[in-house]
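# Per-entry structural report
Here is what each chain is made of, one letter per residue.
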Amino acid sequence: MRISVFGCGYLGAVHAACMTKLGHDVVGVDVVEDHVAALARGEAPFFEPGLEDLLVEGVGTGRLEFTTDPQRAADATVHFVCVGTPQKRGEKAADLRYIWSATENLLPLLKPGDVVVGKSTVPVGTAEELAERVAAVQPEAEVVWNPEFLREGFAVQDTLHPDRFVYGLGDAESGRRAAATLDEVYAEALAAGTPKIETDLATAQLVKVAANSFLATKISFINAMAELCEATGADVTALADAIGHDSRIGRKFLNAGVGFGGGCLPKDIRAFMARAGELGVDQALSFLREVDSINLRRRVRMVDLAREVCGGSIVGRRIAVLGAAFKPNSDDIRDSPALNVAAQMQLQGAQVTVTDPKAIDNASKAWPDLAFEATVEDAVRDADAVLLLTEWPEYVALDPVDLATHVTGPRIIDGRNALDPVVWRSAGWTYRALGRP
Ligand code: UDX
């Protein structure tokens, strides 16, 4: 099929490359010229495992192109909307300006039978408004809401082999035709048995924010338990293992630590609360305010722990931070807990040096006042304390005996509960963690 993808960021670039892998002819449209030029050369403008291989392969076949010219999408039948919906400055709500500017570019291109597929995370009601705008210019085109659940770091795998498809469909008859078109796009995964849920537009939009709210709640739940553990001398990692064995609870997303960040969970729960307020049901989501504050409290607690291990003050202390990305296998620093903690400590007078395997470029542009080093050895040199804030496998595998030779004070705070306290303590380190004795 001939497919267009509007918006070639974390979501759209991966989606475009994966759709080519599935055998389709794809044009990716974006307004950022540098990104488009890089993608057209087969280069990923951000780090995502497996993406660059797919881009090189796709561009090489001639079936994957990237452009700033929306006209190139005129012969596509299926148009995916994959633009970002960031948090509005100074407000909780989502900023939909990219949805509407992509829509303006798309509307003049629509032909009878075309399907516009929304993948971006949006406040419920957006799909209906998009459908109205589409119907006004091309009544024989259809809007489907098909949320994306990909995790950064696993985006290629999650796109090629999703755990479910959700189709939010409009009017019964034309909705069925649109669903059949989308079935052709996803034929391979559907044939392999991937479950599909067909529903209305409102439910499909809510599915995405409900899923992310649940995940955020699960993380904040275990981080709230970590606060209880800190007050009682209990161990949150053993507690998570123990409750996680109950299959109704499950062990996934129960890793306590410095909390969630990234371009999705924090802004999605806030936009969801804002939308609930507009709909007059803000009470239904007031618990998400608590989820957000538990999460942000962990960052403050991390700084307090650093102060504690440094003997009561971090002023003038050299502190090494391992990790800048919001999670491993990503160079994404949006709302990164690691950088937030690093910046707080720097503002409070510490000399902070940050390292990360992939995110230094992004981090140093966003936080020019922090010091950055490319290697762990350089970052921890003469440090009074080391903070593990993003659990990259190479940091989890560090040898505490060797690392101790580079620092002034062998003090480590494990912000992700990823290290073995016994091993680190027996190598002479003061080991502290969130929610653990
Ligand atoms: C998330 C959703 O998982 C995905 O389905 C959605 O489409 C987009 O948002 P992502 O932001 O890529 O994906 O990261 P995710 O793996 O969900 O992690 C989010 C944050 O939670 C990270 O900062 C991570 O470090 C943190 N986290 C995760 C924890 O603190 N503890 C956990 O147990 C799990």
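Residues numbered from 1 in each chain as written. Predicted model: local features only at pLDDT ≥ 70, side-chain atom pairs only at ≥ 80, totals over all residues. Heavy atoms only, no water.

On to the side chain of lysine 218. Within the fold, lysine 218 resides in helix H9 (residues 201-232). Buried charge without a partner: lysine 218 forms no salt bridge, and the closest opposite charge is aspartate 246, 10 Å away. Ignoring anything within four residues of it in the chain, the contact list for lysine 218 reads Ile249, Gly250, Lys252, Phe253 and Leu254. (Helix = DSSP H or I, 4+ residues; strand = E, 2+ residues; numbered from the N terminus. Buried < 20%, exposed > 50% of the residue type's maximum accessible area, 1.4 Å probe, protein only. Lys, Arg positive; Asp, Glu negative; His and termini not counted. Salt bridge = Lys/Arg side-chain N within 4 Å of Asp/Glu carboxyl O. Contact = heavy atoms within 4.5 Å.)

With that settled, the discussion passes to the site of the ligand. By nearness alone, 20 residues border the ligand, and Phe149, Glu152, Asn255, Gly261 and Lys327 come closest of all. Residue leucine 254 places a main-chain N or O atom 3.4 Å away from an oxygen atom belonging to the ligand. Calculation on the ligand without its partners gives an accessible area of 670 Å², and the protein chains cover 91% of this total. In the shell around the ligand, the residues fall into 10 nonpolar, 4 polar and 6 charged. Built from parts of two domains, the shell around the ligand gets at least three residues from each of domain 1 (2-194) and domain 2 (214-433). (Near = heavy atom within 4 Å. Polar contact = N/O pair within 3.5 Å; in protein donor to acceptor, adjacent residues only side chain to side chain. Areas by Shrake-Rupley, 256 points an atom, 1.4 Å probe, with all protein chains shown as cover. Nonpolar A, V, L, I, M, F, W, Y, C, P; charged D, E, K, R; others polar. Domains from an automatic or database assignment.)

Taken domain by domain, the protein chain comprises domain 1 (2-194) and domain 2 (214-433). Computed over C-alpha atoms, the centres of domain 1 and domain 2 are 33 Å apart. At the junction of the two partners, domain 1 supplies 17 residues and domain 2 supplies 17 residues. In this assembly, domain 1 packs against domain 2 so that about 1,500 Å² is buried in total across both faces, 56% of it on carbon and sulfur atoms. Taken as a group, Phe47, Lys92 and Glu152 account for 43% of the area that domain 1 buries against domain 2, more than any other trio of residues on that side. (Buried area = accessible area lost by both parts, 1.4 Å probe.)

If you trace the 6 strands from one edge of the open sheet to the other, you get S11-S10-S9-S12-S13-S14, paired in parallel fashion. The sheet is open, and its two borders are formed by strand S11 (371-372) and strand S14 (430-433), each paired with just one other strand. Where strand S9 (residues 318-322) lies against strand S10 (residues 351-355), 5 bridges are found, and the strand directions are parallel. Across the sheet, the residue bridging to arginine 318 is glutamine 351, located in S10. The sheet contacts of helix H13 (residues 337-347) involve S9, S10, S11 and strand S12 (385-388), and relative to S10 the element is tilted by about 160°. (Pairing = 2+ DSSP bridges. Axes fitted to C-alpha atoms, helices over the stretch in contact; angles between N-to-C directions.)

Using the criterion set out here, one finds 4 aromatic pairs in the structure. With a centroid separation of 6.4 Å and an interplanar angle of 50°, the aromatic rings of phenylalanine 80 and tyrosine 186 are classed as tilted. You can see phenylalanine 80 sitting in strand S4 (residues 78-81) and its partner tyrosine 186 sitting in the loop between helix H7 (172-185) and helix H8 (187-191), a full 106 residues away along the chain. An angle of 70° between the planes, with centres 5.1 Å apart, marks the rings of tryptophan 424 and tryptophan 429 as edge-to-face. (Phe/Tyr/Trp six-rings, centres within 6.5 Å; stacked < 30°, edge-to-face > 60°.)

For phenylalanine 260, the position within the fold is in the loop between helix H10 (236-244) and helix H11 (265-278). For the pair phenylalanine 260 and lysine 327, spaced 67 residues apart in sequence, the C-alpha separation works out to 8.6 Å. Contacts of phenylalanine 260, omitting those with residues within four sequence positions, involve Ala216, Ile219, Ser220, Leu265, Pro266, Ile269, Val291, Asn295, Arg299 and Pro337.

With that settled, the discussion passes to the packing of H9 against H10. With their axes 9 Å apart at the nearest point, H9 and H10 run at an angle of 135° to one another. As judged from the angle between their axes, H9 and H10 are oblique. The way H9 lies across H10 gives a crossing that is right-handed. Between H9, through Phe221, Ile222, Met225, Ala226 and Cys229, and H10, the contact on the second element is made entirely by Val236, Leu239, Ala240 and Ile243. Of the residues belonging to the contact of H9 with H10, the class tally is 9 nonpolar, no polar and no charged. (Parallel < 35°, antiparallel > 145°, perpendicular 65-115°, else oblique. Left-handed = near helix turned anticlockwise from the far one by under 90°.)

Another point: the pattern of salt bridges. Summed over the entire model, instances satisfying the criterion amount to 36 salt bridges. A salt bridge links arginine 334 to glutamate 152; the nearest nitrogen and oxygen atoms lie 3.2 Å apart. Placement of arginine 334 in the loop between S9 and H13 and of glutamate 152 in the loop between strand S6 (142-145) and helix H6 (155-160) is noted, with a sequence separation of 182 residues between them. You can call arginine 334 partly exposed: its relative accessible area is 38%. A salt bridge links aspartate 241 to arginine 251; the nearest nitrogen and oxygen atoms lie 2.7 Å apart. Taken together, the residues aspartate 241 in helix H10 and arginine 251 in the loop between H10 and H11 connect sequence positions 10 residues apart. Relative accessible area serves as the criterion here: at 38%, aspartate 241 is assigned to the partly exposed category.

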